[in-house]
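Listed below are the residues making up each chain.
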Amino acid sequence: MIRSWFEWIDAMPSSIAIRESVFGYPYLLTAHAVSMALFAGLIVMMDLRLLGWAYKRTPLSQVQKQLFPWQMFTMAVSSVTGAILFYGQPLRYYGKVFFWTKMALMLFAGINALYFHFTTYRTVAAWDTTDQPPTGAKLAGALSIVLWAGVVIFGRITAYNWMTFTE
Amino acid sequence: MLPFFQWLESLKFGAGSEYTVASINVTHLLCLVVFIGAVLVVDLRLLGTGMRRQPLSDVVRSAQPWMFGGFAGMFVTGSLQVVATPMKAYFSDQFWLKMQLLVVAIILTLVVRSIAARRAEAPVWLKPAGLVSILLWSFIAVQGRLIGLLQ
């Protein structure tokens, strides 16, 4: 089912145009990778505050709120360029274990952030200024670093032809 | 410079192992994430956004160890990449542009950080340095990525 959907995209003239453009792939991939680094960097800085390892004198909620717009902006650039890369070669990514691993890790990272937001973070007023947040917050920060590092790692090695299946 | 790169080539470090080169590259990327994050929070603060309610000096000092740590990791892994694939680097325009811009960016960053570390608020003339720094480091990252893509 998914495969036929990917094949449908693959046959679109706009998909073929991206695939066949000489500079499409290198420049799109570069924009994707660099915006991803900026995004992950801002996420990690927030995670370090959650862990109580950096920006300790700044209330956690401030770090979160003030970095949020920039995290969203860089994520938007990364998502759009990533989506175009995928759109240009859907069948290439379909057979890649690393690509699907990356998608799964992104999903987990999203769930981790939302779960934290609706549980531990609700009581933030009580521990906002302490430099050592509660265990739940530290756990969310540590998980976030591990998961986003995984996204970066698997995103990078998706470029290699390891663990790639073609039918 | 060519003889030096040829000598590096003769060392055959990581030769024949795509996995060695890939692991170094991935580590370089992870260090970049930490480094660029620490650079960005200060640059955004200089521009009056991001952690704008905190004294500038606080943000600079707190980001400092992560910036230097990330850079050290990038320097080691970056050097290893050159040792592993010296000819690729030598014949890449992107590599040389990146090295030249690196010198400029390092000086700019050290000067700006040393001024910012002593002030609670960014003087008006220092603010544009935040934007220049973001663009410069991003452009260096772009060139770095392109080394592997354009031959």
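Rules used in this analysis
- Residues numbered from 1 in each chain as written.
- Chains lettered and ligands numbered in written order.
- Predicted model: local features only at pLDDT ≥ 70, side-chain atom pairs only at ≥ 80, totals over all residues.
- Contact = placed C-beta atoms within 7 Å.
- Helix = DSSP H or I, 4+ residues; strand = E, 2+ residues; numbered from the N terminus.
- Nonpolar A, V, L, I, M, F, W, Y, C, P; charged D, E, K, R; others polar.
- Buried ≥ 20, exposed ≤ 12 C-beta atoms within 10 Å, placed from the backbone.
- Axes fitted to C-alpha atoms, helices over the stretch in contact; angles between N-to-C directions.
- Parallel < 35°, antiparallel > 145°, perpendicular 65-115°, else oblique.
- Left-handed = near helix turned anticlockwise from the far one by under 90°.

**Regarding the interface of chain A and chain B**
Across the boundary between the two partners, chain A contributes 28 residues, which contact 29 residues of chain B. Of all the elements in the fold, those that place two or more residues in the side of chain A that touches chain B are helix 3 (24-51), helix 4 (60-88) and helix 8 (135-157) of chain A. Sorting elements by how many residues they give to the side of chain A that touches chain B places helix 3 of chain A first, with 13 residues. Looking at the side of chain A that touches chain B, its residues break down into 21 nonpolar, five polar and two charged.

**Notes on unusual backbone geometry**
Residue and element names in this part refer to chain A. Even without glycine at this site, Y55 takes up a positive phi of about 50°. Within the fold, Y55 resides in the loop between helix 3 and helix 4. One non-glycine residue, M163, lies in the positive phi region at around 50°. With respect to the element layout, M163 can be found in the segment after helix 8.

**Description of helix 1 (residues 2-11) of chain B**
In terms of residue burial, helix 1 of chain B counts as a barely covered element, since only zero of its 10 residues are buried. Following helix 1 of chain B by one or two positions, K12 of chain B adopts a phi angle in the positive range, close to 55°.

**Quick look at the packing of helix 3 of chain A against helix 6 (residues 127-147) of chain B**
Packing of helix 3 of chain A against helix 6 of chain B leaves a shortest axis separation of 9 Å and a crossing angle of 130°. If you check the angle between helix 3 of chain A and helix 6 of chain B, you find them oblique. Of the two possible hands of crossing, helix 3 of chain A and helix 6 of chain B adopt the one that is right-handed. Of the residues in helix 6 of chain B, those touching helix 3 of chain A at P26, T30, A33, V34, A37 and L38 of chain A are S138, A141, V142, R145 and L146 of chain B. Split by residue class, the contact of helix 3 of chain A with helix 6 of chain B holds eight nonpolar, two polar and one charged.

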